[in-house]
Amino acid sequence: MKPYDLKSMSVDELWSLHELVASVLARKISAEKARLDERLCRLDRDDVRHHVKGMNHGRRPYPKVFPKYRNPAKPSETWAGRGSKPRWLTAQLKSGKPIDDFRIDLAAA
């Protein structure tokens, strides 16, 4: 690469240098873009193959949540404490009973 004395160059010489730099940059940018586009296409193909192999998009396994509260009138009705309160528990709480009356003793279970 030869050094240029830009201060001593005429306007025409500077303009031709500018055009030369612009054309070299355009060629290099288009070559780099083509290389990156080809690489992206290759990655997309590999990604599609990878996803086709493992197309299992089911839910991940969660641990079983054990019930914490039981309806004494109907022992099959339980609540784990998640989500909204069941109607039987809401009715009992409105009648004035504390929620701890319905708690399942984990030591006995």
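See the structure above.
These remarks concern the structure in this document. Given the structure is predicted, the values throughout are model-derived calculations rather than measurements.

Regarding the packing of aromatic side chains
Within this structure, the stated rule accounts for two aromatic pairs. With centroids separated by 6.0 Å and ring planes inclined at 70°, the aromatic side chains of tryptophan 88 and phenylalanine 102 adopt a geometry described as edge-to-face. Of the two residues, tryptophan 88 sits in helix α2 (residues 87–94) while phenylalanine 102 sits in the segment after α2, which places them 14 residues apart along the sequence. Phenylalanine 102 carries the same exposure label as tryptophan 88, and that label is buried.

A few points about the pattern of salt bridges
With the rule as written, the count across this model stands at five salt bridges. Arginine 35 is the partner of glutamate 32 in a salt bridge, and the nearest nitrogen-oxygen pair spans 2.7 Å. Residue glutamate 32 and its partner arginine 35 are located together in helix α1 (residues 11–53), separated by three residues, close to a single helical turn. Accessibility expressed as a relative area gives 36% for glutamate 32, which makes it partly exposed. Across the pair lysine 74 and glutamate 77 runs a salt bridge, and its minimum N-O distance is 4.0 Å.

Procedures and definitions
- Residues numbered from 1 in each chain as written.
- Predicted model: local features only at pLDDT ≥ 70, side-chain atom pairs only at ≥ 80, totals over all residues.
- Heavy atoms only, no water.
- Phe/Tyr/Trp six-rings, centres within 6.5 Å; stacked < 30°, edge-to-face > 60°.
- Helix = DSSP H or I, 4+ residues; strand = E, 2+ residues; numbered from the N terminus.
- Buried < 20%, exposed > 50% of the residue type's maximum accessible area, 1.4 Å probe, protein only.
- Salt bridge = Lys/Arg side-chain N within 4 Å of Asp/Glu carboxyl O.

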